[in-house]
Every structure is written in structure tokens, then in C-alpha cells.
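# Reading the structure
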Amino acid sequence: MTRFQDRVAIVTGAGAPDGIGAAVARALVSQGARVVLGATSERVHERAAELGADAVGVVADLTVDGAADALVRAALDRWGRIDVLVNNAGMTSVASGWDADDDIATLSLADWNAALTRNLTTAFLMCRAVVPIMGAVGYGRIVSVGSTTGTVNAMPGQATYTAAKAGLVGLSRALALEVIRDGITVNVVAPGYVATGSQLEFEAAAAAAGPIGRSGTPEEIAACVLFLAHESTSFVTGSLLVADGGHNLPETWPRP
């Protein structure tokens, strides 16, 4: 398949072999794209090596101002363009670990700031870095991987992650309006429970008890990302695509 032939994409949070970012990168390369993979650890080079000459890995801590430029430079130096940005960096990483799990009344300001920086500011910094490049040529696709948490539901003790993922939708909608006349679309995919290596036992159990009876796969989420990242979706911007196997549909479950 060549649906993304000669397109150049940046995919952040792509270090884990069984994660959404790696699945997105694999899908893009399989459809003709060239991809810069970003992650916080050296394992991103393994993911890039698995994809061959059409991929390059960059180690960058996107919570640091200026780190996004390293991914942009890698794409421009090697292929001379950036057509697609997939913001997948967030919640867990080898370097940062899990978000703070605490009630608001006892949550420290440091933990609050760190979690919002990791889950929201990273996307802002990447968007800020690529928008001028996309705008100069009148084309771009930005897709951020959010979550059903913060957009259609919430969890107690996870105010940081919930607020950040809700904020990601707001950021994307505001940006969508700013760049709509520049040929750039900006959208969010909100996965529910997904069977990645970082999925917790209670999440897998909750997914099994839901309507579809299982977690999603990284490849299923990647398919949603590629839909929004394709040139044909030029009339879709500022949207939220929920991919959760119907988990949030029932008012009660299981059926009586």
C-alpha cells in the first residue's frame, strides 16, 4: 500500500515495542511514509532499525524547551519536509515513569506541573515546532493521541492525567482554527483500554468486562491515527475520534 507514499511523519512516544507509537510508525512505513521516531530512551533506535531505511530514531526529552527541534531537524535534514505529526508522547516512559496517583487535596504542585508538562506541554512544543514548516507549504496533518480519560470520563486520583488529556483536546481545537487556512488539520484520537506493555491488570479486567469484552490493540488505534493523518481527510479538523470498543456507551453494564 502507498497511501502515504513520500510523506514524512514525526511520531513521538515511539520507543516501546508494543506501544501505540511504534504501531503508528510501522503502519505509516508500511504505507509508503518515511518516519522520524522520537522517545526518551535509546530503545527508539531499535524501533527505527526494525523499519529500515525509511525510519530514523531520535532520543529527546520533549518536556525540555528546544528538544522538539531535534526531531524537526532530523526530518528536514534527511527528507526535506514534514507532512504529518503524531503526538503520542505522554503518561509513561522509561525516563519518567507513571504519573502521580493522588487526590487533589494532597497532590503536590510539583507532581501536577510535571504531569501536565509530560502529557500536554510536549504536544504544544511539537505543534509549535512543525506548524511554521507545514504552513509554509500549505499542507499538514497533526494527530494527537489523547484518551477517553479526560474527554468522556475520569478516574479518582488521576486529576493530572485527566486534566492534561482534556487540555489536549482544547489545544487541538484552538490550533485547528489558527491553521485551517494553511491546509493543516488538527485532530485527536482518544483510545480507551489498549493492550500495551504498560497496561495495568485492573485496566485489562475492566476492558474484559465491557461491551466488546477485550482491550483494543495498538494496531487498531494506529488505524484511527492514519485515517486522520491522510490527505483525504481534509474536511475533518478539530475533531475527537473515540476508539474504546463502546466501553463508555452503556448507562449500566452488564445487560440485565
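Residues numbered from 1 in each chain as written. Predicted model: local features only at pLDDT ≥ 70, side-chain atom pairs only at ≥ 80, totals over all residues. Heavy atoms only, no water.

Moving on, we get to the overall build of the protein. The secondary structure content of the protein amounts to 7 helices and 7 strands. Along the chain direction, N to C, the helices and strands of the protein fall in the order β-α-β-α-β-α-β-α-β-α-β-α-α-β. In terms of principal-axis extent, the alpha carbons of the protein reach across some 55 × 40 × 35 Å. Sorting the 256 residues of the protein into buried and exposed places 50% on the buried side. Residue pairs in contact within the protein that sit at least 24 positions apart in sequence constitute 70% of those at least 6 positions apart. Split by element, the accessible area of the protein, about 11600 Å² in all, is 56% carbon and sulfur. Averaging the positions of the 17 positive and the 25 negative side-chain charges in the protein gives two centres separated by 8 Å. (Helix = DSSP H or I, 4+ residues; strand = E, 2+ residues; numbered from the N terminus. Buried < 20%, exposed > 50% of the residue type's maximum accessible area, 1.4 Å probe, protein only. Contact = heavy atoms within 4.5 Å. Areas by Shrake-Rupley, 256 points an atom, 1.4 Å probe, with all protein chains shown as cover. Lys, Arg positive; Asp, Glu negative; His and termini not counted. Charge placed at Lys NZ, Arg CZ, Asp CG, Glu CD.)

The next subject is the state of the cysteines. For the structure shown, the criterion picks out 0 disulfides. No disulfide involves C127; its nearest neighbouring cysteine sulfur is the one of C224, lying 19 Å away. Relative accessible area serves as the criterion here: at 18%, C224 is assigned to the buried category. (Disulfide = S-S within 2.5 Å.)

Its 12 residues place the ends of helix α3 (residues 68-79) 17 Å apart at the C-alpha level, agreeing with the 16 Å of an ideal helix rising 1.5 Å per residue. Those residues of α3 that fall on the buried side of the exposure criterion are A68, L71, V72, A74, A75 and W79. All buried residues of α3 lie within an arc of 155° about the axis, which places them on one face of the element. Buried residues along α3 sit against β1 (8-11), β2 (34-39), β3 (55-59) and α4 (109-137). Of the residues flanking the end of α3, it is G80, one or two places downstream, whose phi is positive at about 75°. (Expected span 1.5 Å × (residues − 1). Arc of directions from axis to C-beta.)

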